[in-house]
Amino acid sequence: MVRFLLALAAVALLPFAAAQAQPAAPDGLKVIFCGTSGPLPIPDRAKACTAVIAGGKLYLVDAGPESTKNLLSWRAPLARAQALFITHLHSDHIGDVGEVNMQSWVAGRPQPLALVGPSGVDKLAAGFNLAYETDHGFRRAHHEHGDIKLPIDAGLLAPKVIEIAKPDGTAVAWKDGDLTVTAIRVAHDPVTPAFGYRFDYHGRSVVISGDTRKWPPLAAAAKGADVLIHEAQNNAMTRQMSQGLAAMGMARTSSIMADTVSYHTEPVEAADIARMAGVKVLVLSHLTQAGLPFYTPQAFTKGMDDGGKLDWRLAKDGMTIDLPAGSSEIRFGSY
Ligand SMILES: [Zn+2]
Ligand SMILES: [Zn+2]
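Residues numbered from 1 in each chain as written. Chains lettered and ligands numbered in written order. Predicted model: local features only at pLDDT ≥ 70, side-chain atom pairs only at ≥ 80, totals over all residues. Heavy atoms only, no water.

Colleague: Whenever I open this one, the sheet that holds strand 2 (residues 49-54) confuses me. Can you help?
Modeller: A sheet is described by the order of its strands in space; here eight strands give the open sequence 6-5-4-3-2-1-14-15, paired in mixed fashion. Each having just a single partner strand, strand 6 (157-161) and strand 15 (331-334) make up the two edges of the open sheet. Averaged over neighbouring strand pairs, the angle between their axes works out to 20° when direction is ignored. Where strand 5 (residues 113-117) lies against strand 6, five bridges are found, and the strand directions are parallel. Bridging across to strand 6, Leu 113 finds its partner in Leu 157. With respect to the sheet, helix 4 (residues 97-106) is in contact with strand 3 (57-61), strand 4 (81-85), strand 5 and strand 6, its orientation differing from that of strand 4 by roughly 175°. On the sheet, helix 5 (residues 121-131) packs against strand 5 and strand 6 and is oriented at approximately 170° with respect to strand 6. (Pairing = 2+ DSSP bridges. Helix = DSSP H or I, 4+ residues; strand = E, 2+ residues; numbered from the N terminus. Axes fitted to C-alpha atoms, helices over the stretch in contact; angles between N-to-C directions. Contact = heavy atoms within 4.5 Å.)

Colleague: I tried to follow helix 5 on my own but got confused; where do I start?
Modeller: Counting along an α-helix, one turn takes 3.6 residues, and residues three or four places apart therefore face a common direction. When helix 5 is considered as a whole, its buried residues turn out to be Val 121, Leu 124, Ala 125, Phe 128 and Asn 129. Looking straight down helix 5, one finds its buried side chains confined to an arc of 125°; they lie on one side. The exposed set on the far side of helix 5, more than 90 degrees from its buried face, consists of Lys 123, Leu 130 and Ala 131. (Buried < 20%, exposed > 50% of the residue type's maximum accessible area, 1.4 Å probe, protein only. Arc of directions from axis to C-beta.)

Colleague: Mind showing me how you'd approach the pairing of strand 4 here?
Modeller: The side chains of a regular strand alternate between both faces of the sheet. Taken across its five residues, strand 4 has five buried, putting it largely inside the fold. In the sheet, strand 3 pairs with strand 4 via four bridges, with the strands oriented parallel. Residue pairing across strands places Leu 58 opposite Ala 81, the latter belonging to strand 4. In this fold, the crossover linking strand 3 to strand 4 by way of helix 2 (residues 67-73) has right-handed handedness. Examined bridge by bridge, strand 4 and strand 5 share three bridges and lie parallel to one another. Residue pairing in the sheet places Leu 84 in a bridge with Leu 115 of strand 5. (Right-handed = clockwise from strand over helix to strand, strands pointing away.)

Colleague: Just to check I follow, could you spell out the packing of aromatic side chains for this structure?
Modeller: Aromatic ring pairs are reported here in terms of the distance separating the ring centres and the angle at which the planes meet. Applying the stated criterion across every chain, the model contains ten aromatic pairs. Between the aromatic rings of Tyr 59 and Phe 85, the centroid separation amounts to 6.3 Å while the plane-to-plane angle is 40°, which identifies the pairing as tilted. Taken together, the positions of Tyr 59 in strand 3 and Phe 85 in strand 4 put the pair 26 residues apart, joining distant regions of the chain. We note that Tyr 59, like Phe 85, is buried. Both rings, one in Phe 85 and one in Phe 199, keep their centres 5.7 Å apart while their planes meet at 80°; by these two values the pair is edge-to-face. Here Phe 199 lies in strand 9 (residues 191-201) and Phe 85 lies in strand 4, a separation of 114 residues in the sequence. Side by side, Phe 85 and Phe 199 carry an identical accessibility label, which is buried. (Phe/Tyr/Trp six-rings, centres within 6.5 Å; stacked < 30°, edge-to-face > 60°.)

Colleague: Even after reading the chapter, I still don't get the coordination of the zinc ion (ligand 1), so can you show me in this structure?
Modeller: Ideal coordination angles are 109.5 degrees for a metal with four donors arranged tetrahedrally and 90 or 180 degrees for a metal with six donors arranged octahedrally. Distances from the zinc ion (ligand 1) to its protein donors, namely Asp 92 (OD), His 93 (NE2), Asp 211 (OD) and His 286 (NE2), fall within the range 2.2 Å. Here the zinc ion (ligand 1) is ringed by four donor atoms whose angles at the metal span 91 to 166°, and the overall shape comes out irregular. In terms of primary sequence, the donors binding the zinc ion (ligand 1) are separated according to D-H-x117-D-x74-H. Separation of the zinc ion (ligand 1) from the zinc ion (ligand 2) amounts to 3.4 Å, with Asp 211 serving as a shared donor to the pair. One end of the pair, Asp 92, is in helix 3 (residues 91-94); the other, His 286, is in strand 12 (residues 281-287), with 194 residues separating them in the sequence. Pair check on accessibility: Asp 92 and His 286 agree, each one buried. (Donors = N, O, S within 2.8 Å, 3.2 Å for Na, K, Ca; no water. Tetrahedral: all angles 85-135°; square planar, octahedral: opposite > 155°, others 65-115°.)

Colleague: Before we go on, may I ask you to explain empty space enclosed by the protein in this structure?
Modeller: Rolled over the atoms, a probe as big as a water molecule pinpoints where empty space is left. Here the structure, examined in full by the defined rule, presents one cavity of 30 Å³ or more. The calculated volume of the largest cavity comes to roughly 150 Å³. Looking at the largest cavity, it is lined by 19 residues, and the ones nearest its centre are Ala 48, Thr 50, Ile 208, Gly 210 and His 286. Elements with a contribution of two residues or more to the lining of the largest cavity: strand 2, strand 11 (227-232) and strand 12. Residue contributions to the lining of the largest cavity peak at three residues, all from strand 11. Here the lining of the largest cavity is composed, by residue class, of five nonpolar, eleven polar and three charged. (1 Å grid on protein atoms, 1.4 Å probe; cavity = no way out; pocket = protein on both sides within 12 Å on 5 of 7 lines; lining within 4 Å. Points joined across faces, edges and corners; volume = space filled by probe spheres on them. Nonpolar A, V, L, I, M, F, W, Y, C, P; charged D, E, K, R; others polar.)

Colleague: What exactly am I supposed to notice about the packing of helix 8 (residues 235-247) against helix 9 (residues 251-259) here?
Modeller: Helix packing for two helices is described by the angle between their axes and how far apart those axes are. Between helix 8 and helix 9, the shortest axis-to-axis distance is 8 Å and the interhelical angle comes to 165°. In terms of axis orientation, helix 8 runs roughly antiparallel to helix 9. Helix 8 and helix 9 meet at a crossing whose hand is left-handed. Contacts between helix 8 and helix 9 pair Thr 238, Met 241, Ser 242, Leu 245 and Ala 246 from the former with Thr 253, Ser 254, Met 257 and Ala 258 from the latter. (Parallel < 35°, antiparallel > 145°, perpendicular 65-115°, else oblique. Left-handed = near helix turned anticlockwise from the far one by under 90°.)

Below is the structure:
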């Protein structure tokens, strides 16, 4: 038993040790890919989640199902979570909102978690607060003793609705010291409004597209950013899947799958947007087909290099990007 516990402790320390092995980055931006799949069930990929650390504080963009498990496994600094930015209210982006809120509160987060996003995050916050009310009461009753405090107020989600009237508009969604987070209207109709987000901190910048069809105003909002993290769906593969499902007699699933070609971006189109924006690196995430039986990275990204030189990569869960302040370095790593 003792040996098992020691082994468990060693495993638990591994990600921390790996993180420590890297030279300490100067204060800049750090990105952690906590979920990189689309809505389909993909082994080793949680659904939409991107974490950004700035000034020692943790911010999340979306909390799709299974993403909290990743964050806990990697011992991400959940107690320092400040805000969860929601791109839109599709379930593959919000399924773990309750879990990440609860876990960051239990980890010691001293204030409510801001839930920032389009109209609807107010209902989302109210719903999850109600759904977890009893759980929070149980945890406080059981674990609050000595120095351990679990104030109920700190465990709540605090909604902040961002209004952007113009379809191609932007708005400041969050400001904390030198960090500015800008919400960007994107095009995911009939899901409207839907947002992407741009993080600017100490001269470094990261843009996260959210779900959108190819949308040139996003390129304008991402102008000159260090990293563009863009969703990607290969629609030749989507149509192939839809036809396969129809041939298997699954007409309903086939029809629903065919509908999705209208509101996502092809890898080739994301490359166009990245070139228009002049970003240094494009990272494709929310990869609808990655991990499916017929998927190969080569087929998925076919044609991406045709439009000209571009540094691009495919995200996977656990991938990290460090953007140290006062430098132009873009350092990829992993948990
Ligand atoms: Zn999605
Ligand atoms: Zn969506």
